[in-house]
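Examining the three-dimensional arrangement
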Amino acid sequence: GLNVPYYAANTAVERLELVDASRGMLDALASKLAAYPSLKATAVLGDAARLPYADASFDTVVDTFCLCVFDDPVGVLKELRRVVAPSGRILLLENSRPENAFLGAYVDATASFVASNGGKGCRYDQDVETLARAAGLRVEASRPLGGG
């Protein structure tokens, strides 16, 4: 829902499908979408591991901070690959294990605890580039921020 204003401001966005597994999140999203009546958007209750779309349905798929909560992130990435057109793009904004040795060690030591104690199950120690490649994706660019 935080990205909705950016999609609304982008005239290249012709149609927007927003998927979440939480009815509460979709309810909160409805009020945000109402603020942008010209945005052709649909909110769908669904699971990123089993998206309710045909193969090659989208020219761009965006995932923002969701990969970390799935037990099989490679499977989710394969599902994103399935629904994006062969010439399309998958854009990921994700938590990833820092390359910095000190920060990486800290993340390794705390990720399990944080995931199960207030972190909503998010494993922020994943190597997203490695996961993407394991899902058969080609990584064109990666821009680590904040040490990770």
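Everything in this summary refers to the structure shown in the same document.

Thresholds, definitions, all that
- Residues numbered from 1 in each chain as written.
- Predicted model: local features only at pLDDT ≥ 70, side-chain atom pairs only at ≥ 80, totals over all residues.
- Heavy atoms only, no water.
- Helix = DSSP H or I, 4+ residues; strand = E, 2+ residues; numbered from the N terminus.
- Rg over C-alpha atoms; globule rule 2.2 N^0.38 Å.
- Buried < 20%, exposed > 50% of the residue type's maximum accessible area, 1.4 Å probe, protein only.
- Contact = heavy atoms within 4.5 Å.
- Areas by Shrake-Rupley, 256 points an atom, 1.4 Å probe, with all protein chains shown as cover.
- Lys, Arg positive; Asp, Glu negative; His and termini not counted.
- Charge placed at Lys NZ, Arg CZ, Asp CG, Glu CD.
- Pairing = 2+ DSSP bridges.
- Salt bridge = Lys/Arg side-chain N within 4 Å of Asp/Glu carboxyl O.
- Polar contact = N/O pair within 3.5 Å; in protein donor to acceptor, adjacent residues only side chain to side chain.
- Expected span 1.5 Å × (residues − 1).
- Bend = angle between axes of the 7 residues up to and from the residue.

1. Here we look at the overall build of the protein
Helices and strands together make up the secondary structure of the protein, namely five helices and four strands. Along the chain direction, N to C, the helices and strands of the protein fall in the order α-β-α-β-β-α-β-α-α. In summary, the protein has a C-alpha radius of gyration of 16 Å against a globular reference of 15 Å for 148 residues, a match within 12%. When its C-alpha atoms are laid out on the principal axes, the protein stretches across 45 × 35 × 25 Å. Looking at the 148 residues of the protein, the share that counts as buried comes to 30%. Looking at the protein alone, contacts between residues at least 24 apart form 70% of all its contacts between residues at least 6 apart. Summed over all atoms, the accessible surface of the protein reaches about 9500 Å², with 54% contributed by carbon and sulfur. Of the side-chain charges in the protein, 15 are positive and 18 negative, and the distance between the mean point of each set is 2 Å.

2. Re the environment of Asp 59
Following the sequence through the fold, Asp 59 ends up in strand E3 (residues 58-64). For the pair Asp 59 and Ser 112, spaced 53 residues apart in the sequence, the C-alpha separation amounts to 35 Å. If we ignore the near neighbours within four places in the chain, the residues touching Asp 59 are Val 84, Gly 88 and Arg 89.

3. Notes on helix H3 (residues 73-83)
Along an α-helix, residues three or four positions apart point the same way, because every turn accommodates 3.6 residues. Counting buried positions along H3 yields eight of eleven residues, so the element is predominantly enclosed. Buried within H3 we find Pro 73, Val 74, Gly 75, Val 76, Leu 77, Glu 79, Leu 80 and Val 83. As for H3, its buried residues are in contact with E3, strand E4 (84-93) and helix H5 (128-134).

4. Regarding unusual backbone geometry
A negative phi angle characterises most non-glycine residues, just as the trans form characterises most peptide bonds. Its identity as a non-glycine residue notwithstanding, Ala 56 has a phi of 55 degrees, on the positive side. Relative to the elements of secondary structure, Ala 56 occurs in the loop between strand E2 (41-45) and E3. For Phe 65, which is not glycine, the phi torsion reads 50 degrees and is therefore positive. The partly exposed category is assigned to Phe 65, whose relative accessible area is 42%.

5. Topic: the pairing of E2
Bridging between strand E1 (residues 16-20) and E2 involves five bridges; their strand directions are parallel. Across the sheet, residue Glu 17 finds its bridge partner in E2, namely Thr 42.

6. What to know about the side chain of Glu 94
The residue Glu 94 is located in the loop between E4 and helix H4 (101-116) in this model. Summary of buried charges: Glu 94 has no salt-bridge partner, and the nearest side chain of opposite charge, Arg 123, is 12 Å away. Within polar-contact distance, the side chain of Glu 94 engages the backbone nitrogen of Cys 66 at 3.2 Å. Polar side-chain contacts of Glu 94 include one of 3.0 Å to the backbone nitrogen of Leu 67.

7. Some words on H4
Spanning 16 residues, H4 covers 24 Å between terminal C-alpha atoms, matching the ideal 22 Å at 1.5 Å per step. Along H4, the largest kink reaches about 50 degrees and is centred on Thr 110. Where H4 is concerned, the buried positions are Gly 104, Val 107, Thr 110, Ala 111 and Ala 115. Its side-chain oxygen placed 2.9 Å from the backbone nitrogen of Phe 102, Asn 100 serves as the N-cap of H4.

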